[in-house]
Amino acid sequence: GKGEYDHFMLKEINEQPTAIAQAIEGRIDPARGAIDLDGFEPGAFEDIDEVQFVACGTSYHAALYGATALNRIGISATAMLANEYSVAAPPIDDGTLVVAVTQSGETADTLNALRSAAAAGAETLTLTNVIGSTASRIADKTLLIRAGPEIGVAATKTFSSQALMLVLLSRRIAADRSGERSGDRRSLLEAVESMPESIERVLDRSGAAAVARRYGDSQSYFFIGRGFGYAVSLEGALKFKEITYEHAEGFASGELKHGPLALVTPETPIFAVFTGTEDEKTLKNAEEAQTRGAPVIALCPPGHEATEIADEHLEIPETDATLAGLLANVQLQLVSYYAATQLDRSIDKPRNLAKSVTVE
Ligand code: M6R
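Everything quoted here is computed from the prediction, not taken from an experiment.

Conventions used here
Residues numbered from 1 in each chain as written. Predicted model: local features only at pLDDT ≥ 70, side-chain atom pairs only at ≥ 80, totals over all residues. Heavy atoms only, no water. Phe/Tyr/Trp six-rings, centres within 6.5 Å; stacked < 30°, edge-to-face > 60°. Helix = DSSP H or I, 4+ residues; strand = E, 2+ residues; numbered from the N terminus. Buried < 20%, exposed > 50% of the residue type's maximum accessible area, 1.4 Å probe, protein only. Lys NZ or Arg CZ within 6 Å of the ring centre and 35° of its normal. Pairing = 2+ DSSP bridges. Axes fitted to C-alpha atoms, helices over the stretch in contact; angles between N-to-C directions. Contact = heavy atoms within 4.5 Å. Polar contact = N/O pair within 3.5 Å; in protein donor to acceptor, adjacent residues only side chain to side chain. Near = heavy atom within 4 Å. Areas by Shrake-Rupley, 256 points an atom, 1.4 Å probe, with all protein chains shown as cover. 1 Å grid on protein atoms, 1.4 Å probe; cavity = no way out; pocket = protein on both sides within 12 Å on 5 of 7 lines; lining within 4 Å. Sits in = over half its atoms within 2 Å of the grid points. Nonpolar A, V, L, I, M, F, W, Y, C, P; charged D, E, K, R; others polar. Parallel < 35°, antiparallel > 145°, perpendicular 65-115°, else oblique. Points joined across faces, edges and corners; volume = space filled by probe spheres on them.

## Some details on the packing of aromatic side chains
For the structure on display, the rule yields seven aromatic pairs. A ring pair is formed by F222 and F251, whose centres lie 5.6 Å apart and whose planes are at 55°; its orientation type is tilted. Of this pair, F222 sits in strand β8 (residues 220-225) while F251 is found in strand β9 (residues 247-252), placing the two residues 29 residues apart along the sequence. Here F223 and F271 contribute two aromatic rings whose centre-to-centre distance is 4.9 Å and whose plane-to-plane angle is 10°, an arrangement assigned as stacked. Here F223, found in strand β8, pairs with F271, found in strand β10 (residues 270-273); they are 48 residues apart in sequence, far enough to count as distant. Note on accessibility: F223 and F271 belong to one class, buried. Positioned above the aromatic ring of Y245, the side-chain terminus of R351 is 4.0 Å from the ring centre.

## Focus on the sheet that holds strand β11 (residues 296-300)
Read across the open sheet, the five strands follow the order β9-β8-β10-β11-β12; overall the sheet is parallel. At either margin of the open sheet sits one strand with a lone partner, and together these are β9 and β12 (312-315). When the angles between neighbouring strand axes are averaged without regard to direction, this sheet yields 20°. Both β11 and β12 contribute to a ladder of four bridges, which runs parallel. Along β12, the bridge assignment pairs C300 with E315. Together, β8, β10, β11 and β12 form the strand contacts of helix α14 (residues 324-342), whose direction differs from that of β10 by roughly 160°.

## Let's talk about the side chain of T68
Locating T68 in the fold gives a position in helix α3 (residues 57-72). Dropping the residues within four chain positions of it, T68 is found in contact with G227 and F228.

## Digging into the environment of T128
Its place among the elements puts T128 in strand β6 (residues 123-128). For the pair T128 and E106, spaced 22 residues apart in sequence, the C-alpha to C-alpha distance is 9.7 Å. Polar contacts involving the side chain of T128 include one to the main-chain amide nitrogen of V130, which spans 3.2 Å.

## Some points on the site of the ligand
Inspection of the region around the ligand gives 13 residues, with S59, T102, S104, T107 and E242 positioned closest. Note that an oxygen atom of the ligand is positioned 2.5 Å from one of the side-chain N or O atoms of S59. Here the ligand loses 91% of its free accessible area of 410 Å² to cover by the protein chains. At a threshold of 2 Å from the grid points, most atoms of the ligand map onto the largest pocket. Of all the secondary structure elements, the ones that give two or more residues to the shell around the ligand are α3 and α11 (228-244). Element by element, the count of residues in the shell around the ligand is highest for α3, at three residues. Taken together, the residues that form the shell around the ligand break down as four nonpolar, seven polar and two charged.

## Points about the packing of α3 against α11
Two quantities define a packed helix pair, namely the angle between the axes and the distance from one axis to the other. Closest axis-to-axis distance for the α3/α11 pair is 8 Å, and the angle between their directions is 175°. The angle between α3 and α11 falls in the class roughly antiparallel. Here G57, T58, H61, L64, Y65, T68, A69 and R72 of α3 come into contact with α11, specifically with F228, Y230, A231, V232, L234, E235, L238 and K239.

## Notes on the sheet that holds strand β5 (residues 96-101)
Strands sit in the order β4-β3-β5-β6-β7 across an open sheet of five strands; the sheet is parallel. Looking along the sheet, the strands with just one partner apiece sit at the ends: β4 (76-81) and β7 (141-144). Averaged over all pairs of adjacent strands, the angle between strand axes in this sheet comes to 20°, irrespective of strand direction. Summarising the sheet, β6 and β7 pair through four bridges and their orientation is parallel. If you follow L127 over to β7, its bridge partner there is L143. Those strands touched by α3 are β3 (50-55), β4 and β5, and its axis lies near 165° from that of β4.

## Comments concerning empty space enclosed by the protein
For the coordinates displayed, the defined rule picks out one cavity of 30 Å³ or more. Approximately 50 Å³ is the volume attributed to the largest cavity. Lining the largest cavity are R201, V202, R205, E315, P317 and Q331. Residues that form the lining of the largest cavity fall into these classes: two nonpolar, one polar and three charged.

Here's what the structure looks like:
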């Protein structure tokens, strides 16, 4: 049951420290710089030259997070919407690994993409929360996120666990391929180990409820960020629209000036996600919106330069740049949740949506 919580969504948001602790249990050893993924021998990924992710919705945003992690360490990766994959799948080579990211393991679009990748000869892996799911039976290998059951239609803890596991997978592929020195992984793995605590800190003193109260009757809600922050912006907007039924959109912050800026008014709050990569550019983009009257809500660590210009600040505890987006995302989950509560929406079962989409 929901226990002390009014909604499963809030319960599941609050379960994220536990979910992450379960995801990493026995899988990382910061002192040795080791990432041990059950079912994958050392060297299992040494022949992988390229990763193609296929996924839908929130899982697609986690995939984008994973692709960003891989590209940033020099391993080619693309994230593709599974429902677009059948139209124009990228070519598959010997070294291509196709990774289906699907919490349920039953999403029809994702299963189709996975089947066609397997038929084209790709090596396949499913990242899922469900042991024995269809996606896991189709793929050569399965990696479990171990998030525990998620009842709310809006995916929350499964996103965090997926994205975190993809960060680990990226570093494991790097280790297997190039013999990246274990010392190079130590500080990231220490930050991974502290993630449950860092998320706890966000949950304990979030400030999201006050922001939701202050801006809850706006016209549209925009989310901007770069790199990991871009993936989080898309996810922040999806969560917001699905449970509040209000218009929300996520943009790469650099894209704002290429069109969306025309929509910006004092009635369109901008959530700007700062994850430590090219933050000065995102700050300029946020200021451009602010000049048009839009309130800026900065998601960033304390003392960050964005706090000097922003109208509001939602704090992200200091962490590795690869993980900061996950903490920002928890803040945005809470903003959506409180905004939807104010509007008295059906939070755990939004209209027109299903937890598992088994039609194309
Ligand atoms: O089970 P999956 O991860 O494959 O589901 C994919 C999407 O339908 C899902 O992530 C959806 O976007 C979320 N429930 C939205 O919160």
